[in-house]
Amino acid sequence: MNVKLDYSRVSQFISQQEIIDSIEKHRPLIEKVLEASTEDKDNLGWVDLDLLANTSLIQQIQAKAREIREKADVFVLIGVGGSNQGSRAVIESLGDNNVEIIYAGNNLSPHHMNRVMAKLSDKSVYINVIAKNFATLEPGITFRVLRNYLEQRYGEAEAAKRIIATASLNNSSLEVLGKEKGYTLLPFPLDVGGRFSVLSAVGLLPIAVAGINITELLQGANDIKREIQSLSPEDNPAVLYGVTRNSLLQKGYNLEILAFFEPLLSYFSKWWIQLFGESEGKHGKGIYPTACSFTEDLHSLGQYIQEGQRMLFETFLNLENQGSSFKIPHEETDNDGFQYIDSKDFTFLNKTAYEATVKAHVEGGVPCLVLNIPELTAYYMGQLFYFFQYACYISASLLGVDPFNQPGVEAYKNVMFSSLKTI
Ligand code: PA5
């Protein structure tokens, strides 16, 4: 069974006919995107999962991950944006704690840098530095700090054995440095942007280091890929998601909340925010993507969602099987006013809260899409990544923007670099 999109609760905001009309209007474009037209060779490397991670690369990654799991206490993942958000999403949801994973190179905070360094002493350390374009300041400069540290601590030769560089293998400066120093090199696919890279070596090594089954992750992605590439637009979940959110945008719903009742999905929502924000927000267009972890955020943003400006819609990630249970203890007398749920399970409370929230939000004027996910496993996380990547490609194409570039990110960098270089 695959993840399933339920868009029945948007019907009072957009009719079924409007969705069908929109598919009809854009049919040639949608069909072209579903064929993943090879015209855009530079950016569509994520579509074909077998090319992205072939058997020999998967075996190489698994062997390296086994070595790291045996020898390391700490694994430092240096990367920012698309270079670490995908793997972090899976690791924070499903990872075991055999090896401590530390994230670095994703900010410029001196506090963070000091904390990272403090965690390394007396521990066996491995590093994975990930960069498509090694000019990015945060991972670049953090890697300088950490490779100096490893070289001083272990000597150059042993340090090199502990460093894995995931780099563009087109003579990029990270590849050149890696070759010179003797690091293990993994490919950052040239035709894949960071936010579409989680199912390549970029995401797979850190995920495997966290003890997660990468073959299951890829199997899930492959199964939803087959569905997306075979179903007609009218029945296709990725098309329906893309068309529905664009139709909502045209009606003024310009903010989308990815909502979930499982805090383990918080880092997944960061990956999703980047995917849609960086892919669609350009030329004065795009839906602003944000996330809410419920029930906690019902006690903060819940008020706005229910009664604030009517320009937002929600996409719920609904875990059908929550994968865990916790029973409330029985008490004979009602000492705390909660006897109405005596002996019930948290699973039941969470599910009831989810259903109540969707109902109340729809009644409050918030269109709600639901993505039903059978359970939180590597297999279904693979499906989620691939589903949203494809849906984003379709959605951005309907919006009329190029999902694969991010020219706006350069604006602050230009100012910052000219300040840094003139000091
Ligand atoms: O999705 C993207 O392309 C970006 O978010 C990049 O992943 C991010 O800017 C990091 O780039 P790099 O891997 O070149 O350091």
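Residues numbered from 1 in each chain as written. Predicted model: local features only at pLDDT ≥ 70, side-chain atom pairs only at ≥ 80, totals over all residues. Heavy atoms only, no water.

The subject of this paragraph is the pairing of strand 7 (residues 255–260). Judged by how many residues are buried, strand 7 sits mostly within the fold: six of six residues are covered. Here strand 7 shows two buried faces, one formed by Leu-255, Ile-257 and Ala-259 and the other by Glu-256, Leu-258 and Phe-260. In terms of strand pairing, strand 7 meets strand 8 (residues 288–293) through six bridges, oriented parallel. Following the sheet pairing, Leu-255 is matched in strand 8 by Tyr-288. Taken together, strand 7, helix 13 (residues 266–280) and strand 8 constitute a β-α-β crossover, and its handedness is right-handed. Sheet analysis places strand 7 next to strand 9 (residues 312–321), joined by six bridges and oriented parallel. Across the sheet, the residue bridging to Leu-255 is Leu-312, located in strand 9. (Buried < 20%, exposed > 50% of the residue type's maximum accessible area, 1.4 Å probe, protein only. Helix = DSSP H or I, 4+ residues; strand = E, 2+ residues; numbered from the N terminus. Pairing = 2+ DSSP bridges. Right-handed = clockwise from strand over helix to strand, strands pointing away.)

Around the ligand, the surrounding shell consists of Val-80, Gly-82, Ser-83, Ala-131, Lys-132, Asn-133, Thr-136, Gly-194, Arg-195, Gln-274, Glu-278 and Gln-406. Separating an oxygen atom of the ligand from a backbone N or O atom of Asn-133 is a distance of 2.7 Å. Between an oxygen atom of the ligand and a side-chain N or O atom of Thr-136, the distance comes to 2.8 Å. In this structure the site holding the ligand corresponds to the largest pocket. Among the residues making up the shell around the ligand, the classes are represented as two nonpolar, seven polar and three charged. Residue-level mapping places the shell around the ligand at the junction of two domains, with at least three residues from each of domain 1 (4–35 + 217–408) and domain 2 (49–212). (Near = heavy atom within 4 Å. Polar contact = N/O pair within 3.5 Å; in protein donor to acceptor, adjacent residues only side chain to side chain. 1 Å grid on protein atoms, 1.4 Å probe; cavity = no way out; pocket = protein on both sides within 12 Å on 5 of 7 lines; lining within 4 Å. Sits in = over half its atoms within 2 Å of the grid points. Nonpolar A, V, L, I, M, F, W, Y, C, P; charged D, E, K, R; others polar. Domains from an automatic or database assignment.)

The subject of this paragraph is the domain arrangement of the protein chain. In terms of domains, the protein chain is made up of domain 1 (4–35 + 217–408) and domain 2 (49–212). With centres defined by C-alpha atoms, the gap from domain 1 to domain 2 works out at 30 Å. At the junction of the two partners, domain 1 supplies 27 residues and domain 2 supplies 22 residues. A buried area of about 2100 Å², summed over both sides, lies between domain 1 and domain 2, and 68% of it is on carbon and sulfur atoms. The interface formed by domain 1 and domain 2 contains one salt bridge. When the shortest N-O distance is used, the salt bridge between Arg-195 and Glu-278 registers 3.2 Å. Taken together, domain 1 and domain 2 are joined by nine residue pairs in polar contact (both at pLDDT 80 or more). When residues of the side of domain 1 that touches domain 2 are traced back to their parent elements, those giving at least two are helix 11 (214–230), helix 13 and helix 16 (378–399). With eight residues, helix 13 is the largest single contributor of residues to the side of domain 1 that touches domain 2. (Contact = heavy atoms within 4.5 Å. Buried area = accessible area lost by both parts, 1.4 Å probe. Salt bridge = Lys/Arg side-chain N within 4 Å of Asp/Glu carboxyl O.)

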